Amino acid sequence: LAEKKPRVVFVLGGPGSGKGTQCANIVEHFHYTHLSAGDLLRAEIKSGSENGTMIQNMIKEGKIVPSEVTIKLLEKAMLESGNDKFLIDGFPRNEENRAAFEAVTKIEPEFVLFFNCPEEEMEKRLLSRNQGREDDNIETIRKRFKVFLDSSLPVIEYYKAKGKVREIEAAKPIGEVFEAVKVVFTPKAE
Ligand code: UP5
Ligand code: MG
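Here the residue numbering is sequential within each chain, running from 1 through the sequence in written order. To label them, take the chains in the order written and letter them from A, then take the ligands in the order written and number them from 1. In view of the model being predicted, local features appear only for residues whose pLDDT reaches at least 70, and side-chain atom pairs are presented and counted only at 80 or more, with totals across whole chains, interfaces and linings using the full set of residues. Side-chain metrics rest on all non-hydrogen atoms present in the structure, leaving aside hydrogens and water.

Visitor: An account of the packing of aromatic side chains is needed here, citing residue identities and associated values.
Guide: Centres within 6.5 Å make a pair out of two Phe, Tyr or Trp rings, where for Trp the six-membered ring is used; the pair is then stacked when the planes are under 30 degrees apart, edge-to-face when over 60, and tilted otherwise. Within the structure shown, the criterion is met by 8 aromatic pairs. With 6.4 Å between their ring centres and 70° between their planes, Phe10 and Phe91 make a pair best called edge-to-face. In this pair, Phe10 is assigned in strand β1 (residues 7-13) and Phe91 in the loop between β3 (85-89) and α5 (95-105), connecting sequence segments 81 residues apart. We call a residue buried when its accessible area falls under 20% of the maximum for its residue type, exposed when it is over 50%, and partly exposed in between, using a 1.4 Å probe and counting protein chains only. A relative accessible area of 1% means that Phe10 is categorised as buried. When the ring of Phe91 is compared with that of Phe101, the centres are 5.6 Å apart and the planes differ by 65°; the resulting orientation is edge-to-face. One end of the pair, Phe91, is in the loop between β3 and α5; the other, Phe101, is in helix α5, with 10 residues separating them in the sequence. According to the relative accessible area criterion, Phe91 is buried, its value standing at 1%. An aromatic cluster of three or more residues is present, and its members are Phe10, Phe91, Phe101, Tyr158 and Tyr159. Positioned above the aromatic ring of Tyr32, the side-chain terminus of Lys85 is 4.6 Å from the ring centre. Working rule: Lys NZ or Arg CZ, within 6 Å of ring centre, within 35 degrees of ring normal, means a charge sits over the ring. Lying over the aromatic face of Tyr158, Arg98 brings its terminal NZ or CZ to 3.7 Å of the ring centre. Only DSSP runs of H or I covering at least 4 residues are called helices, and only runs of E covering at least 2 are called strands; the numbering of each starts at the N terminus.

Visitor: Talk me through the site of ligand 1; I want residue IDs and the actual numbers.
Guide: Residue proximity to a molecule or strand is established when one non-hydrogen atom of the residue lies within 4 Å of it. Around ligand 1 lies a shell of 31 residues, among which Thr21, Lys63, Val65, Arg144 and Lys172 are the nearest. For this analysis, a polar contact is any N or O atom pair within 3.5 Å, provided that within protein one partner can donate a hydrogen and the other can accept it, and provided that sequence-adjacent residues contribute only side-chain to side-chain pairs. In the model, an oxygen atom of ligand 1 is placed 2.7 Å from a nitrogen or oxygen of the Arg93 side chain. At a separation of 2.7 Å, an oxygen atom of ligand 1 approaches a polar side-chain atom of Arg144. We get accessible surface area from the Shrake-Rupley algorithm with a probe of 1.4 Å; when it comes to residues, only the shown protein chains can shield them. For ligand 1, whose accessible area on its own is 1,000 Å², the fraction buried by protein is 87%. Put simply, the parts of the chain that give the shell around ligand 1 at least two residues each are α1 (19-30), α2 (37-46), α3 (52-60) and α6 (119-127). Among the elements that take part in the shell around ligand 1, α2 stands out by supplying 4 residues, more than any other. Here the nonpolar group is Ala, Val, Leu, Ile, Met, Phe, Trp, Tyr, Cys and Pro; Asp, Glu, Lys and Arg are the charged ones; every other residue, Gly included, is treated as polar. Looking at the shell around ligand 1 residue by residue, the classes come out as 11 nonpolar, 10 polar and 10 charged.

Visitor: Which residues make up the nonpolar core, and what values do they have?
Guide: Membership of the largest hydrophobic core comes to 22 residues, with the highest contact counts inside it found for Val8, Phe10, Met78, Ile88, Phe91 and Phe101. Those elements that provide at least two residues to this core are β1, α4 (67-81), β3, α5, β4 (111-116) and α7 (138-161). Whether two residues are in contact is decided by their heavy atoms: any pair within 4.5 Å suffices. In contact with Phe101, not counting residues within four places along its chain, are Phe10, Ile71, Leu74, Ile88, Phe91, Lys106 and Ile107. Each nonpolar core is a collection of buried residues, namely Ala, Val, Leu, Ile, Met, Phe, Trp, Tyr and Cys, held together in the definition by side-chain atoms within 4.5 Å. Of all hydrophobic cores here, the second largest spans 21 residues; its members include Phe115, Met122, Ala170 and Phe178.

Visitor: Let's hear about the side chain of Gln22: which residues, and what values?
Guide: By secondary structure assignment, the location of Gln22 is in helix α1. On the basis of relative accessibility, which here comes to 3%, the residue Gln22 falls in the buried class. Not counting the four nearest positions on each side in its chain, Gln22 is found in contact with Phe115, Ile174, Val177, Phe178 and Val181.

Visitor: Account for the pairing of β4, naming residues and giving values.
Guide: Most of β4 sits out of view: 5 of its 6 residues are buried. When DSSP finds at least two bridges between two strands, those strands are taken to pair. Bridge analysis of β1 against β4 gives 5 bridges, and the strand direction is parallel. Note on β4: the bridge partner recorded for Gly13 is Phe115. Examined bridge by bridge, β4 and strand β5 (residues 165-169) share 5 bridges and lie parallel to one another. Note that in β5 the partner of Asn116 across the bridge is Glu169.

Any functional reading would require information beyond the geometric quantities listed.
The structure is reproduced here in structure tokens:
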């Protein structure tokens with residue numbers, strides 16, 4: 001994988017900040033392959049893999065699945081895609097995820113797209129999503145918010161210090177958010 005030198009953008013933001021929604025828009029306009037770590041983990045549960053029960057329990061508690069499990073799924077999906085440009089959505093979620101991904105893949109992200117959204121807005125969106133996600137109930141949502149603040153925000157701070165964060169105000173209508181996203185992905189004329 002490292003020899004192929006893939007280009008990676010990490011797409012981060014709290015639960016319900018709109019990562020998946022905006023990634024779908026980015027794919028249409030900018031030809032990236034979208035890899036949602038959460039979607040890959042949910043597919044792994046459905047496939048009946050030996051890790052399935054462990055993953056399911058962790059997602060129900062809003063906890064972060066061990067890095068090696070998530071990184072294996074991401075690497076496999078990257079290789080199978082045949083593409084060399086990826087949006088990695090919802091990963092890395094803690095410092096350990098970040099360091100392990102870098103050590104295993106030798107890939108540094110080009111930049112980090114960060115959807116900044118107030119909790120009240122995210123909570124409202126998650127409670128009305130109605131897609132049968134086992135973590136879209138108020139108890140689990142509160143746990144997800146806490147894990148985001150305690151473990152995931154420090155990753156964003158790490159990349160901020162490296163000048164790699166592109167922050168988007170996410171509490172706006174989907175189309176307006178995408179207008180701001182487009183600016184980040186459109187190459188600037190010299
Ligand atoms: N919506 C979106 N944008 C909107 C807008 N601008 N205005 C109004 N509504 C908007 O959007 C959520 C909902 O809001 C949708 O109904 C959408 O239509 C609407 P979505 O685009 O799905 O937001 P997203 O940020 O993708 O929310 P998601 O719930 O997927 O975020 P999470 O980060 O919580 O979920 P994820 O799937 O990444 O992870 C789930 C769990 O998996 C984690 O809690 C963890 O337990 C586990 N996990 C790991 O352990 N490791 C990983 O690396 C990844 C996940
Ligand atoms: Mg998502």
